[in-house]
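These are the residues of each chain, in order.
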Amino acid sequence: MLHIVVAILRNKSKQILIAQRASKQHQGDKWEFSGGKVETGETPQQALARELDEELGIQIEAALPLIQVHHYYPDLAVFLDVFEVSAWQGEAYGKEGQPIRWVTINELSRYPFPAANKPILQALALPDTCLITPHIENENEFKQGILHCLNNGIKLIQFRAKKLTPYDYIKRATWLSQQCKHYQCRLVLNSPPENFISLSAQGLHLTSYQLLAQKQRPNVQLLSAACHNEAELKKAQQLNIDFVFLSPIQATTSHPEAKAKGWKWFNQAVKQINLPVYALGGLGQSDIATARHHGAQGIAAISRLWKTDGNK
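None of the values given here were measured: they were computed from a predicted structure.

**Student:** Could you give an account of the sheet that holds strand E5 (residues 59-72), naming the residues involved and the relevant values?
**Tutor:** In any sheet, the strands associate via hydrogen bonds between backbone groups, in a parallel or an antiparallel arrangement. Spatially, the 4 strands line up as an open sheet ordered E4-E1-E6-E5, and their pairing is mixed. At either margin of the open sheet sits one strand with a lone partner, and together these are strand E4 (35-37) and E5. With direction set aside, neighbouring strand axes in the sheet form an average angle of 20°. Note that E5 and strand E6 (residues 77-89) share 12 bridges and pair antiparallel. Across the sheet, the residue bridging to His71 is Val78, located in E6. Across the sheet, helix H1 (residues 44-56) is in contact with strand E1 (2-9), E4, E5 and E6; its angle to E1 comes to roughly 65°.

As structure tokens, then:
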């Protein structure tokens, strides 16, 4: 299997750098993220630094893992080790004569990428933090908390409200959807009422029980699932789930009966699939870098994202 390092670079305008492969190369003429083969004796970080110097004329200063992808073409097996490069020296240019472009997230869909890049594109569309809503009975308190989180930059929410009546669930979810649209925040609904189609057709979250019961992917724009072991992770990949939550990493007050499994277990589990995975269980924003180093898209949380300044 060919080990390849891949670099995601964003400029000050949040545009992402892509380059076009030469016609004679494997997957020729398609667009890709810069990078290349890890040579014998190199670490992935060393290979990343060398490749970006050779291809783009830049010297990297800081990078975090984003996702790892195993892909099997009919004629080639590749392992993509993907990093987000957050700081570098120099101005990127096509040092080897390759065309390069800076494009927005939304523009990426206009360019043909190799099939192995699909999980990378999924990961790029997601933030490093996901809020799971807590159980709050008071409507005003819930709304104030949501607006506080949205104003503080939350861009992905799982609406979890298992104690609400179907009527109250729909009422609250409808309001939440409107706010998410205004703040350009993505929303998935956990266990919506069966007759509630309009919102669930946009974003749906499956419990692990619902995941295992599915025979095909539900017809929704954005689909997530809860996973607790490798079998559930593999089922999520079979169904082409967009992203998953893997838990529990640490002990939590919301699920005190669940035994913490730790980062080593998490890292081994996510290596089995090609999906963005949020680490869940006793985590907060201070754990994002640790999560990324262990193969996570980022962290998901209830109380540690909800209990922010001004929202105790």
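**Student:** A description of the sheet that holds strand E2 (residues 16-20) should follow, citing residues and the corresponding values.
**Tutor:** Across the sheet, 3 strands lie side by side as E3-E2-E7; this open sheet has antiparallel pairing. One side of each edge strand has no neighbouring strand; the edge strands of this open sheet are strand E3 (31-32) and strand E7 (100-103). Here E2 pairs with E3 via 2 bridges, running antiparallel. Among the inter-strand pairings, Ala19 is bridged to a residue of E3, identified as Glu32.

**Student:** Which residues make up the side chain of Glu51, and what are the values?
**Tutor:** For Glu51, the location among the structural elements is in helix H1. Excluding its chain neighbours within four sequence positions, the residues that come into contact with Glu51 are Val5, Gly35, Gly36, Lys37 and Leu56.

**Student:** With reference to specific residues and values, describe the environment of Lys234.
**Tutor:** Assignment of secondary structure puts Lys234 in helix H6 (residues 230-238). Accessibility expressed as a relative area gives 40% for Lys234, which makes it partly exposed. For the pair Lys234 and Glu61, spaced 173 residues apart in sequence, the C-alpha to C-alpha distance is 35 Å.

**Student:** Explain the pattern of salt bridges to me, and be specific about the residues and the numbers.
**Tutor:** Applying the stated criterion across every chain yields a total of 10 salt bridges. Residue Glu51 is joined to Arg50 by a salt bridge in which the shortest nitrogen-to-oxygen separation is 3.1 Å. One salt bridge in this structure joins Glu54 and Arg50, with 3.3 Å as the shortest N-O distance. With Glu54 and Arg50 both in helix H1, this residue pair falls 4 residues apart, about one helical turn. Owing to a relative accessible area of 34%, Glu54 belongs among the partly exposed residues under this scheme. In this structure, a network of salt bridges that share partners links the residues Glu42, Arg50, Glu51 and Glu54.

**Student:** So what about the nonpolar core? Which residues, and what values?
**Tutor:** Counting residues in each nonpolar core, the largest one holds 50 residues, and the members touching the most others are Ile146, Ile157, Phe159, Ile241, Val244 and Phe266. For this core, the leading source of residues is helix H4 (residues 166-183), giving 5 residues. In this structure Ile241 touches Gln122, Leu206, Leu211, Arg217, Leu223, Ser224, Ala225, Ala236 and Leu275, once residues within four positions along its chain are discounted. In terms of nonpolar packing, the next biggest core, distinct from the first, is built from 22 residues, Trp31, Ile67, Ile120 and Ala123 among them.

About the criteria used
Residues numbered from 1 in each chain as written. Predicted model: local features only at pLDDT ≥ 70, side-chain atom pairs only at ≥ 80, totals over all residues. Heavy atoms only, no water. Pairing = 2+ DSSP bridges. Helix = DSSP H or I, 4+ residues; strand = E, 2+ residues; numbered from the N terminus. Axes fitted to C-alpha atoms, helices over the stretch in contact; angles between N-to-C directions. Contact = heavy atoms within 4.5 Å. Buried < 20%, exposed > 50% of the residue type's maximum accessible area, 1.4 Å probe, protein only. Salt bridge = Lys/Arg side-chain N within 4 Å of Asp/Glu carboxyl O. Core = buried A, V, L, I, M, F, W, Y, C linked by side-chain atoms within 4.5 Å.

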